[in-house]
Amino acid sequence: MPDLTDTKTEIPAQRAAEVPEAKPEKARSLGLDAWHDLRRRPIFVISALLIVLLIVIAIAPGLFTSVDPRAGDLRTHFLTKPNYGHLFQPDWFGYDGQGRSIYARVIYGARASVVVGICVTAGVTVLGGITGMIAGYFGGWVDTIVSRVTDIFFGIPLLLGALVVLNAFTSRTIWSVVFALVALGWTQMTRVMRGSVITVKQADYVTAAKALGAGTTRIMVKHILPNAIAPVIVVATIALGGYIATEATLSFLGIGLQDPTISWGIDINSAQKVIRTAPFALFFPAGMLSITVLAFIMLGDAVRDALDPKLR
Amino acid sequence: MGRFVARRLLQMIPVFLGTVTLIFFMVHILPGDPVAAMWGDKAVDPAQLAAFKHARGLDQPLIQQYLDYLGKLFRGDFGMAMDGRPVIDKISGAFPVTLRLALLAFAIEIVLGVTIGLFAGLRRGKAFDKGTLVLTLLLISIPVPVLGFIFQNIFSTQLGWVTPTVQDSMNLGQLLLPAIVLGSLSLAYVARLTRTSIAENIKADYMRTAVAKGLPKRKVIGTHLLRNSMIPVVTFLGTDLGALMGGAIVTEGIFNVKGVGFELYHAINLKEGATVSGFVVVLVLVYLAASLIVDLLYAVLDPRIRYA
Amino acid sequence: MRGASQAKWVVAAVAVALAATACGSNGASSGGGSSTGAVNAQGTFSYQSSEPQNPLQPANAMEVGGGRIIKQLFKGLVDYDPADGKLRNQVAEKIETTDATNYTVTLKSGWTFHDGTPVTASSFVDAWNWSANTKNNQINSDWFSDIAGYTDVHPDAGDPKAETMSGLKVVDDTHFTIQLTGPVSYFQYKLGYTAFSPLPKAFFTDPAKYGQNPIGNGPYKFVSWEHNKAITVAAYDKYAGLDKPKNGGIVFKNYTQPEAAYKDLVSDNVDVLDQVDPSDLASYKTDLGSRAVDQAQGAIQNISFAMYQDAWKPVDKAKVRQGLSMAIDRDTITKTVLNGSRQPANSWVAPGAMGYKDNTCGDACKYDPAKAKQLITEGGGVPDNKITIVYNSDGGHKEWVDAVCNSIRQATGVECVGDPKPDFKTSRDIIKKKQVQSMMRTGWVQDYPLNANFLRDVYGTGAAANDGSYSNPEFDKLAAEADKATTVEKTAELYQQAEAQLAKDMPAIPLWYYKTTSGYSNNVQNVKFDSFGDPVFTQVEVKQK
């Protein structure tokens with residue numbers, strides 16, 4: 001979705017979507033085949049384990065640290081250097097410019113990123129999937145309108161779009177950011193779904209189903225959807241990482257999340273004020289963000305490889 | 001071919017109109033009064049405020065303002081910014097800067113990206129390939145602000161090779177570092193796309209034929225393999241140029257580049273409708289032109305594709 | 001003064017610099033270089049600036065980016081001596097009045113515009129008439145509102161009825177008279193503002209074009225304006241004013257990010273800084289050595305209570321407010337989060353102002369968590385046990401607001417969160433509409449260095465800048481007495497008594513006083529800043545290379 005012109009972080013992940021669209025793969029089921037293949041890939045196993053860990057952290061951060069991430073002591077802990085020997089202790093990653101434990105903030109910050117990533121992906125997939133299905137299946141003027149709308153969305157600068165959408169909320173929470181990213185990002189998934197549906201609907205079994213008198217809804221849900229969904233899933237898993245990075249970029253620009261929400265994006269932003277004296281304050285939230293994005297992109301990558309017979 | 005181009009050009013009209021309309025109203029929704037904002041933190045003089053709005057036509061109903069704007073736009077008049085400068089001046093000042101930056105980033109990602117991708121694809125599964133995979137994933141996952149600060153720190157503060165910020169936005173040498181930051185992400189994608197595509201095509205029949213014919217390796221790779229593997233890469237690059245032109249606000253901000261991203265950021269903050277719309281209009285034109293060129297390039301790369 | 005009273009709130013550097021246009025102050029302290037080398041009188045230097053938001057017309061500069069350039073290009077009848085802030089004549093030979101309503105202005109001869117034409121009485125009268133006219137869309141047009149006939153050129157609605165104000169009359173080339181609608185005793189002070197600059201004949205032929213290529217009568221003449229990049233001015237060799245430039249010219253380099261400007265200063269790519277950005281405050285003194293500037297400014301940062309909320313009205317809530325003040329660890333916050341760029345406050349008046357008295361806040365401004373808790377309990381607790389502090393997130397306040405909140409939360413257990421509004425206009429809007437729930441960020445930049453300015457205009461009942469709607473009859477009575485006092489000393493003393501009322505009621509918590517934190521490169525010397533934080537441009541000396 002190149003309309004998010006400003007966040008370089010997000011675009012390519014989504015633009016990679018153009019690839020399956022450009023040369024739509026043969027529709028094949030997401031069978032055991034792919035699953036067996038995936039299980040044998042170390043990249044998949046590693047990234048899946050990482051993601052499970054992140055989700056656990058997001059759900060129950062209290063399991064990993066007993067320190068209040070909002071509590072800071074400027075007198076004793078202002079930008080105190082990390083103590084790498086103290087594994088899982090509050091001073092493991094040092095203290096930030098407010099005297100708060102960076103380790104605790106990194107743990108508690110996972111929730112915002114994981115929620116934004118998963119919810120935006122879900123929202124975009126549902127919205128984009130439905131519109132893409134309609135456009136691809138019916139074709140004609142419906143398709144023209146949907147396609148032109150996706151073109152129009154390219155033109156909206158992310159900053160403008162995000163400001164307009166986020167201003168509709170009195171306080172900027174995780175959910176308003178999710179809403180904004182879905183509103184600005186769904187057209188990308190529309191394109192992918194549309195391309196995929198167009199290929200699938202020409203298949204013999206669809207013609208056969210039509211000949212047998214199956215209704216439109218039945219054909220769409222029972223025959224086209226299962227066969228057209230693969231590229232969407234691939235793109236979605238890769239894009240998920242991109243959405244997480246976009247949240248951080250929005251927070252960096254000062255229009256994303258705000259206190260008392262804890263997010264890596266907010267911490268990256270405030271760490272810049274002390275980057276020269278305390279680079280570790282930037283390193284840990286940025287590192288965790290990168291690892292999370294990496295895990296999701298690797299997962300998406302592995303899924304794509306597994307689903308693409310040519311790469312076996 | 002001619003008809004295809006004509007049809008594509010026709011389709012651009014609604015997209016163009018839709019974008020202008022959407023942007024116009026989105027800017028209007030932003031909170032705050034851009035004219036009152038000229039007084040900053042001081043008390044606004046209501047008489048002067050009214051006179052100013054009247055002079056700029058801002059006291060008209062919104063729909064009238066919109067029609068006026070459209071009318072002017074079709075006569076090639078982008079209107080006037082709040083500071084009294086014609087928007088076209090701002091556009092002609094910022095776009096050359098961003099064009100240089102974007103083309104530089106573009107060149108870097110094509111040359112480096114395709115080369116790295118080619119070698120990784122040819123040596124699939126080897127150490128170089130795996131190294132590339134890890135490196136590109138890393139580039140993709142680091143947020144741009146962080147990447148920018150890291151590069152700035154290493155190359156100017158630590159090594160002293162370049163000035164930390166761009167002194168002259170038109171100087172290609174000074175734009176190199178921001179261009180690398182801007183292009184690094186796409187570089188990673190180009191490399192990965194090329195690699196995948198090469199790895200697929202290397203097993204194709206025509207490759208075996210070419211090798212069997214006894215063609216030199218250089219020619220096999222250059223004309224046959226590379227040319228056939230470029231379609232997904234070109235698709236990506238087509239949209240990427242538009243995105244690069246869109247001006248990475250973050251990159252331009254970190255390196256003090258006075259390009260499109262910079263102007264757009266300010267215009268949005270000040271709620272300058274005419275300026276925002278003007279820039280976005282040009283951006284959309286660039287994007288539409290780029291995607292048309294990409295489609296035409298397909299025919300060049302793959303003789304099987306013909307446009308009626 | 002009128003314009004100044006509208007803009008007293010500290011808006012980071014913007015207001016600080018703006019206020020400098022309105023008033024001078026006590027003593028430009030020396031930030032002069034340690035090493036003095038041979039001076040190149042023709043040498044030019046660069047300054048960290050920002051793109052002007054409007055054409056360069058004297059009555060059209062509201063923001064600092066254009067304002068500081070206009071100030072170098074134009075010189076009015078009078079200006080303020082950067083050394084002591086006193087009013088001094090520039091183009092004016094003398095300004096005479098007997099009733100504060102009718103003024104006779106006599107001009108010095110020998111003043112010329114940069115295009116060689118002489119500065120005459122009509123240069124002023126024509127300029128003011130043009131600038132005041134609503135049709136000409138000058139942002140500062142209401143600065144002329146004291147002059148008789150103003151409403152003819154500047155009606156509340158509709159088109160102007162006249163082109164000229166009846167109160168302005170040209171007598172001859174060197175004399176003109178001003179008639180005001182009523183007595184304004186400080187009118188001469190207003191005349192120092194850039195809106196009252198003269199304009200050459202060339203201006204009126206095409207004001208819009210002129211705005212891109214201005215011709216003034218100031219110490220510097222306009223050379224070029226490369227939009228979004230730089231504005232260059234050169235010393236005007238026929239300048240007839242008191243402050244002849246000691247350098248060959250200035251390049252106002254535009255920066256969007258103060259971090260970028262600082263990096264350029266360290267590598268000598270820019271010569272004088274506006275302000276050191278927060279991320280470099282910790283190390284700028286080490287980086288710059290004797291070229292670092294750190295001096296007091298006449299400004300204070302407070303957080304104020306929304307006294308109009310019922311929850312804060314009961315008398316015993318004063319204890320709660322004092323308790324909250326005692327829960328803020330000012331020393332630690334200024335040392336750590338603010339990197340020493342502020343000085344902890346223990347009164348409501350900035351030091352340096354006449355009538356400043358140390359420690360009027362007493363124990364209530366000393367960090368004491370135990371006492372804080374006790375006072376809050378005695379006062380019946382904080383309403384809802386929660387505080388929000390409204391502030392604008394575009395002014396670099398986030399770090400200290402968070403730190404203040406952390407301090408309060410940890411010392412007392414009262415929940416405290418910052419409530420950032422995206423920009424200054426939005427936060428002002430909420431404050432003006434009295435929609436603040438508990439607390440707001442407030443601040444004050446002096447208009448003139450007298451404690452009355454910090455007290456009467458901020459805490460007097462109904463004062464324009466009394467954002468918290470504080471009202472205390474005793475305070476008002478003392479302030480009224482002070483205003484009627486015969487000597488300034490007596491005024492200052494009575495205001496000190498009024499200040500004691502604030503310590504009892506604590507309608508606003510004083511946090512810290514501002515400082516100018518800046519620096520300059522190896523290429524320049526004799527760089528001095530006035531107490532408003534602006535460098536004295538004409539005095540900067542460029543070293544011989």
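### Quick look at the overall build of chain C
Inference 1: Along its length, chain C carries 18 helices and 18 strands.
Inference 2: Taking 24 Å as the expected radius of gyration for a compact globule of 545 residues, we find that chain C reaches 24 Å, a close match to that expectation.
Inference 3: Dimensions along the principal axes, computed over C-alpha positions, put chain C at roughly 75 × 55 × 45 Å.
Inference 4: Here chain C holds 545 residues, and 57% of them are scored as buried.
Inference 5: Of all intrachain contacts in chain C linking residues separated by at least 6 positions in sequence, the fraction that spans at least 24 positions is 71%.

### Considerations on the overall build of chain A
Inference 1: Check the secondary structure of chain A and you find 13 helices and zero strands.
Inference 2: In sequence order, chain A lays out its α and β elements as α-α-α-α-α-α-α-α-α-α-α-α-α.
Inference 3: When the 312 residues of chain A are sorted by exposure, 57% land in the buried category.
Inference 4: By sequence separation, contacts in chain A at least 24 residues apart represent 75% of the contacts at least 6 residues apart.

### Some thoughts on the packing of helix H4 (residues 87–122) of chain B against helix H5 (residues 127–141) of chain B
Residues and elements named next belong to chain B.
Inference 1: Between H4 and H5, whose axes approach to 8 Å, the crossing angle comes to 135°. It follows from the interaxial angle that H4 and H5 lie oblique. Pair H4 / H5 crosses with left-handed handedness. Every residue of H5 that contacts H4 at Ile116, Phe119 and Ala120 is listed here: Phe128, Asp129 and Thr132.
Inference 2: Counted by class, the contact of H4 with H5 contains four nonpolar, one polar and one charged residues.

### Quick notes on the sheet that holds strand E6 (residues 168–172) of chain C
Residues and elements named next belong to chain C.
Inference 1: The strand order across the open sheet formed by four strands is E4-E5-E7-E6, and the pairing between neighbours is antiparallel. The open sheet has two free edges, formed respectively by strand E4 (92–97) and E6, since each of these has just one partner strand. Between one strand and the next, the sheet's axes are offset by a mean angle of 20°, whatever the strand orientation.
Inference 2: In this sheet, strand E5 (residues 102–107) lies alongside E4 in antiparallel orientation, the contact comprising five bridges. Bridge pairing in E5 places Lys94 opposite Thr106.

### Details of the domain arrangement of chain C
Inference 1: Its domain assignment divides chain C into domain 1 (11–29 + 45–226 + 234–246) and domain 2 (297–516).
Inference 2: Spacing between the C-alpha centres of domain 1 of chain C and domain 2 of chain C amounts to 36 Å.

### Looking at the pairing of E6 of chain C
All names here are of chain C.
Inference 1: Summarising the sheet, E6 and strand E7 (residues 175–179) pair through four bridges and their orientation is antiparallel. Directly across from Leu168, in E7, lies its bridge partner Ile178.
Inference 2: Hairpin connection, E6 to E7: the antiparallel pair is bridged by two residues.

### Examining the nonpolar core
Inference 1: Core analysis: the biggest nonpolar cluster contains 243 residues, and Leu101 and Val276 of chain B together with Ile389, Val404, Ile408, Phe454 and Leu455 of chain C have the highest contact counts within it.
Inference 2: With 18 residues, helix H11 (residues 216–252) of chain A is the single largest residue contributor to this core.
Inference 3: Dropping the residues within four chain positions of it, Val404 of chain C is found in contact with Ile303, Ile328 and Ile333 of chain C.
Inference 4: By size, the runner-up hydrophobic cluster in this structure holds 39 residues, among which are Leu56, Ile231, Val251 and Val527 of chain C.

### Some thoughts on the packing of helix H9 (residues 174–201) of chain A against H11 of chain A
Residues and elements named next belong to chain A.
Inference 1: Where H9 meets H11, the closest approach of the two axes is 9 Å, and the angle between their N-to-C directions is 155°. Comparing the axis directions of H9 and H11 gives the class roughly antiparallel. Taken as a pair, H9 and H11 cross one another with a handedness that is right-handed. The segment H9 lies against H11, with Val177, Leu181, Met189, Val192, Met193, Ser196, Val197, Val200 and Lys201 engaging Ile224, Asn227, Ala228, Pro231, Val232, Val235, Tyr243, Thr246, Glu247 and Leu250.
Inference 2: Residue classes in the contact of H9 with H11 are distributed as 14 nonpolar, three polar and two charged.

### Quick word on the environment of Phe179 of chain A
Residues and elements named next belong to chain A.
Inference 1: By the secondary structure assignment, Phe179 is in helix H9.
Inference 2: Phe179 sits in the partly exposed class, given 18 other C-beta atoms within 10 Å.
Inference 3: Between the C-alpha atom of Phe179 and that of Cys119, which follows or precedes it by 60 residues, the distance is 9.0 Å.

### Topic: the confidence of the model for chain C
Residues and elements named next belong to chain C.
Inference 1: Per-residue confidence for chain C averages 85 on the pLDDT scale, and 90% of its residues sit at or above 70.
Inference 2: Every residue in residues 1–34 is under pLDDT 50, and counting partners more than four places away or in other chains gives 123 contacts.
Inference 3: Across the interfaces of the predicted complex, the ipTM metric reaches 0.73, alongside a pTM of 0.76.

### A word on the sheet that holds strand E10 (residues 249–254) of chain C
All names here are of chain C.
Inference 1: Spatially, four strands are ordered E1-E10-E9-E8 in an open sheet, and the strand pairing comes out mixed. Taken across any chain shown, the strands that pair with only one partner, and hence form the sheet edges, are strand E1 (44–49) and strand E8 (220–226). Each strand axis lies, on average, 20° off the axis of its neighbour in the sheet, ignoring direction.
Inference 2: In this structure, E1 lies alongside E10, joined through six bridges in parallel fashion. Its bridge partner lying in E10, Tyr47 is registered against Phe252.

### What about helix H6 (residues 102–138) of chain A?
Residue and element names in this part refer to chain A.
Inference 1: Look at H6: 53 Å from first C-alpha to last across 37 residues, which is about the 54 Å you get at 1.5 Å a residue.
Inference 2: At Tyr108, H6 shows its maximal kink, close to 25°.
Inference 3: With 27 of its 37 residues buried, H6 lies for the most part within the structure.
Inference 4: Gly139 lies just past H6 and shows a positive phi near 60°.

### A look at the confidence of the model for chain A
For residues with low pLDDT, the predicted coordinates do not support detailed interpretation.
Residues and elements named next belong to chain A.
Inference 1: Across chain A, pLDDT averages 79, with 85% of residues at or above 70.
Inference 2: H6 holds the highest mean pLDDT among the elements of chain A, 92, whereas helix H1 (residues 11–15) holds the lowest, 38.
Inference 3: Note on residues 1–28: pLDDT is under 50 here. Beyond four places in sequence and across chains, it has 101 contacts.

### So, the pairing of E8 of chain C
Residues and elements named next belong to chain C.
Inference 1: Two elements, E8 and strand E9 (residues 230–235), share six bridges in a ladder whose sense is antiparallel. Its bridge partner lying in E9, Trp225 is registered against Ile231.
Inference 2: From the end of E8 to the start of E9, which pair antiparallel, there are three residues, and Asn228 there has a positive phi angle of about 65°.

### With respect to unusual backbone geometry
Residues other than glycine predominantly adopt negative phi, and peptide bonds predominantly adopt the trans conformation.
All names here are of chain C.
Inference 1: In this model, Asn359 sits at a positive phi of 60°, which is unusual for a non-glycine residue.
Inference 2: Mapped onto the fold, Asn359 is located in the loop between strand E12 (342–344) and helix H13 (369–378).
Inference 3: For Asn359, a count of 11 C-beta atoms within 10 Å gives the class exposed.
Inference 4: Look at Asn526: it is not a glycine, yet its phi comes out positive at around 55°.
Inference 5: With respect to the helices and strands, the residue Asn526 is situated in the loop between strand E17 (524–525) and strand E18 (541–542).

Definitions and cut-offs
- Residues numbered from 1 in each chain as written.
- Chains lettered and ligands numbered in written order.
- Predicted model: local features only at pLDDT ≥ 70, side-chain atom pairs only at ≥ 80, totals over all residues.
- Helix = DSSP H or I, 4+ residues; strand = E, 2+ residues; numbered from the N terminus.
- Rg over C-alpha atoms; globule rule 2.2 N^0.38 Å.
- Buried ≥ 20, exposed ≤ 12 C-beta atoms within 10 Å, placed from the backbone.
- Contact = placed C-beta atoms within 7 Å.
- Axes fitted to C-alpha atoms, helices over the stretch in contact; angles between N-to-C directions.
- Parallel < 35°, antiparallel > 145°, perpendicular 65-115°, else oblique.
- Left-handed = near helix turned anticlockwise from the far one by under 90°.
- Nonpolar A, V, L, I, M, F, W, Y, C, P; charged D, E, K, R; others polar.
- Pairing = 2+ DSSP bridges.
- Domains from an automatic or database assignment.
- Core = buried A, V, L, I, M, F, W, Y, C linked by C-beta atoms within 7 Å.
- pLDDT = per-residue confidence, 0-100.
- Expected span 1.5 Å × (residues − 1).
- Bend = angle between axes of the 7 residues up to and from the residue.

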